[in-house]
Amino acid sequence: QNIFMKKTIEKENYLKTIYKMNEKGQSVTVTSLSQYFCVSKSTVSNMIKKLVVMEWVDTKPYQPILLTVFGKEKAAEIIYKHRLIELYLVEKMGFDLDEVHEIAEEIEHIKNANFFKRIQEILGDRDVDPHGSVIPKQNY
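Along each chain, numbering runs from 1 in the same order as the chain's sequence is written. Reporting of local features is limited, given that this is a predicted model, to residues whose pLDDT is at least 70; pairs of side-chain atoms are given and counted only at 80 or more, and all residues count toward the totals for whole chains, interfaces and linings. As a rule here, side-chain values cover all heavy atoms of the structure and leave hydrogens and water aside.

**Considerations on the overall build of the chain**
Secondary structure elements follow DSSP: runs of H or I no shorter than four residues count as helices, runs of E no shorter than two count as strands, and numbering proceeds from the N terminus. Scanning the chain from N- to C-terminus turns up six helices and two strands. The order of α-helices and β-strands along the chain, N terminus first, is α-α-α-β-β-α-α-α. Taking 140 residues into account, the globule formula puts the C-alpha radius of gyration at 14 Å, and the chain, at 16 Å, falls close to it. With respect to the principal axes defined by its C-alpha atoms, the chain has extents near 45 × 35 × 30 Å. The classification of residues rests on relative accessible area computed with a 1.4 Å probe and restricted to protein chains. Under 20% of the type maximum is buried, over 50% is exposed, and intermediate values are partly exposed. For the chain, with 140 residues in total, the buried portion stands at 37%. Calculation of accessible area relied on Shrake-Rupley with a 1.4 Å probe; when residues are assessed, cover is drawn exclusively from the protein chains displayed. Put simply, the chain shows about 8,400 Å² of open surface, and 54% of that area lies on carbon and sulfur atoms. Distance between charge centres in the chain, computed from 20 positive and 20 negative side chains, equals 7 Å. As a reference, a globule follows 2.2 Å times the number of residues to the power 0.38, and the radius of gyration itself is taken over C-alpha atoms. The positive count covers Lys and Arg only, the negative count covers Asp and Glu only, and His and the chain ends enter neither. By convention, the point assigned to a charge is CZ for Arg, NZ for Lys, CD for Glu and CG for Asp.

**Here's the deal with the environment of Gly71**
Relative to the helices and strands, Gly71 is located in helix H4 (residues 69-91). On a C-alpha basis, the gap between Gly71 and Glu55 in space is 7.0 Å, while along the polypeptide they are 16 residues apart. Ignoring any residue separated from it by four or fewer positions in sequence, one finds Gly71 in contact with Leu15, Glu55 and Trp56. Pairs of residues are marked as contacts when any of their non-hydrogen atoms sit within 4.5 Å.

**Re unusual backbone geometry**
You will see that Glu55, though not glycine, has its phi angle at about 65°, which is positive. Inspection of the secondary structure puts Glu55 in the loop between helix H3 (41-53) and strand E1 (57-58). In this model, Tyr62 sits at a positive phi of 60°, which is unusual for a non-glycine residue. Looking at the element boundaries, Tyr62 is found in the loop between E1 and strand E2 (66-67). Note on Tyr62: relative accessible area 84%, which makes it exposed.

**Here we look at the packing of H4 against helix H6 (residues 113-123)**
Axis lines are fitted to C-alpha atoms, over the contacting stretch for helices. Their N-to-C directions set the angle, which ranges from 0 to 180 degrees. Put simply, H4 and H6 touch, their axes get as near as 10 Å, and they point 50° apart. Between H4 and H6, the crossing angle belongs to the class labelled oblique. Judged by the sense of rotation from one axis to the other, the crossing of H4 with H6 is left-handed. Residues Tyr80, Lys81, Leu84, Ile85, Leu87, Tyr88 and Glu91 of H4 form the contact with H6, whose own contacting residues are Phe115, Phe116, Ile119, Gln120, Ile122 and Leu123. Polar here means any residue outside two lists: the nonpolar Ala, Val, Leu, Ile, Met, Phe, Trp, Tyr, Cys and Pro, and the charged Asp, Glu, Lys and Arg; Gly therefore counts as polar. Taken together, the residues of the contact of H4 with H6 break down into ten nonpolar, one polar and two charged. Any angle that falls under 35 degrees is termed roughly parallel, while one over 145 is termed roughly antiparallel, one within 65 to 115 roughly perpendicular, and all others oblique. Whether a crossing is left-handed or right-handed is set by the direction in which the near helix is turned from the far one by less than a right angle, anticlockwise for left-handed and clockwise for right-handed.

Any link to function would need more than the numbers given here.
Structure below.
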């Protein structure tokens, strides 16, 4: 993987984590993200600044970090891909539940929409992954 791809994946992982914390009703802060990723608060702050510039997150001092409309769309797309892949791996490829997360982590960063559209067609219109999490709706 080149350095650009690695940086993109890192940003997408932050978005995904913020989305999931929101899904669980958790407040997203620099502290909560630094604990989640096991990195320093300054590392998190630097990433949040990049995400603000990209207009994916919004933040104010002493307030929770929020996804923008654009950030929510991007995060939902990544989570959609991840959960769809997990469903496919379990149902069509016979993987065990405890095996699919790591594989989906790699595949979710594929940009080709036709790839995911095809998986969606193969699975039918499903809205829950094998762990019982909602698969966000996407129009491919």
